[in-house]
Amino acid sequence: VRQGGIKAVLRAMKEHWTNAALQEEGFACLMSIARSGKIKIKIAEEGGIGSVLWAMKVNREHAGVQNEGCVLLGCLADNNATNRATIASEGGIQVVLGAMQLHLSHAGTQQDACGALASMTVDVQFKVKAAGEGAVQVIVRGMREHPENAGVQTEGCRALRSLALAEDYQVVMVKEGAAAVVMAALQQHVAVPEL
């Protein structure tokens, strides 16, 4: 990190936007160092959030890029209000929802995207933004597509729980079937303590 590792990874990603394997490796590399708050800030300051979002847009058909991108965005958003604001202002919520819609049949994408949304929607303004962009419907659809997958159900419930804290959207959540999928998840996965 001190010797320019973040810049080097981002530069390689920028030079090879359409190389999905390189983008996945770049995300994994950044993810491996993004555990501390200072490193998360450094990644964002170096343009990492914009790079992740652009790589996800360029490689939107590649489920692996979408998975790894969602994991990294969730990590960068976790416990970091500045990064959450940057992700939201640069269209991150839309990118994550787009990944979920395009890769509905891919359980890994659904799980990782729900996890990212849960981390990205801690603040009220981002709950409202996500709900206004159809997050509840997209999450419910993903959970219905993968009822047997405990990871999808756990992260889907976590994302819905985050959105439910915005009182204005609790009625929308019931209308869109969120309560029903949460109840189904709880009944199907009784042995999963995270639910």
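First things first, this report covers the structure right here in the doc. Predicted model, so just to flag it, every value in this text is computed and none were measured.

Turning next to the overall build of the protein chain. The secondary structure content of the protein chain amounts to 13 helices and zero strands. Along the protein chain, helices (α) and strands (β) appear in the sequence α-α-α-α-α-α-α-α-α-α-α-α-α when read from the amino end. Relative to a compact globule of 195 residues, whose C-alpha radius of gyration would be 16 Å, the protein chain shows 16 Å and is just as compact. Each principal axis of the C-alpha distribution contributes one length, and for the protein chain these read about 50 × 30 × 30 Å. Expressed as a percentage of the 195 residues in the protein chain, the buried residues total 48%. In the form shown here, the protein chain has an accessible surface area of approximately 9100 Å², with 53% of it arising from carbon and sulfur atoms. Both charge centroids of the protein chain, one from 18 positive and one from 19 negative side chains, sit 6 Å from each other.

Two quantities define a packed helix pair, namely the angle between the helix axes and the distance between the axes. Between helix H10 (residues 135-145) and helix H13 (residues 178-188), whose axes approach to 10 Å, the crossing angle comes to 30°. Two packed elements cross with a definite hand, and for H10 against H13 that hand is left-handed. Between H10 and H13, the contacting residues are Val-136, Val-140, Met-143 and Arg-144 on the first element and Ala-178, Val-181 and Ala-185 on the second. In terms of residue class, the contact of H10 with H13 is made up of six nonpolar, no polar and one charged.

Next up on the list: the layout of surface pockets. Of the pockets and cavities examined, the largest pocket occupies roughly 180 Å³. Contributing to the lining of the largest pocket are Cys-157, Leu-160, Arg-161, Met-173, Val-174, Ala-178, Ala-179, Val-182, Leu-186 and Leu-195. Broken down by secondary-structure element, the contributors of at least two residues to the lining of the largest pocket are helix H11 (150-164), helix H12 (170-175) and H13. Here the element with the most residues in the lining of the largest pocket is H13; it accounts for four residues. Class assignment of the residues belonging to the lining of the largest pocket gives a composition of nine nonpolar, no polar and one charged.

Another point: H10. Those residues of H10 that fall on the buried side of the exposure criterion are Ala-135, Val-136, Val-138, Ile-139, Val-140, Gly-142 and Met-143. Contact partners of the buried residues in H10: helix H7 (92-102), helix H8 (107-120), helix H9 (124-132), H11, H12 and H13.

Among all positions in H7, only Gly-92, Ile-93, Val-95, Val-96, Leu-97, Ala-99 and Met-100 are buried. For H7, the elements touching its buried residues are helix H4 (48-58), helix H5 (63-77), helix H6 (81-89), H8, H9 and H10.

Before going further, it helps to examine the packing of aromatic side chains. Inspection of every chain in the model, using the stated rule, returns one aromatic pair. Where Trp-17 meets Trp-54, the ring centres are 6.4 Å apart and the plane angle is 80°; that geometry is what we call edge-to-face. On the criterion of sequence distance, the pair formed by Trp-17 in the loop between helix H1 (5-15) and helix H2 (20-33) and Trp-54 in helix H4 is long-range, its members being 37 residues apart.

About the thresholds
- Residues numbered from 1 in each chain as written.
- Predicted model: local features only at pLDDT ≥ 70, side-chain atom pairs only at ≥ 80, totals over all residues.
- Heavy atoms only, no water.
- Helix = DSSP H or I, 4+ residues; strand = E, 2+ residues; numbered from the N terminus.
- Rg over C-alpha atoms; globule rule 2.2 N^0.38 Å.
- Buried < 20%, exposed > 50% of the residue type's maximum accessible area, 1.4 Å probe, protein only.
- Areas by Shrake-Rupley, 256 points an atom, 1.4 Å probe, with all protein chains shown as cover.
- Lys, Arg positive; Asp, Glu negative; His and termini not counted.
- Charge placed at Lys NZ, Arg CZ, Asp CG, Glu CD.
- Axes fitted to C-alpha atoms, helices over the stretch in contact; angles between N-to-C directions.
- Left-handed = near helix turned anticlockwise from the far one by under 90°.
- Contact = heavy atoms within 4.5 Å.
- Nonpolar A, V, L, I, M, F, W, Y, C, P; charged D, E, K, R; others polar.
- 1 Å grid on protein atoms, 1.4 Å probe; cavity = no way out; pocket = protein on both sides within 12 Å on 5 of 7 lines; lining within 4 Å.
- Points joined across faces, edges and corners; volume = space filled by probe spheres on them.
- Phe/Tyr/Trp six-rings, centres within 6.5 Å; stacked < 30°, edge-to-face > 60°.

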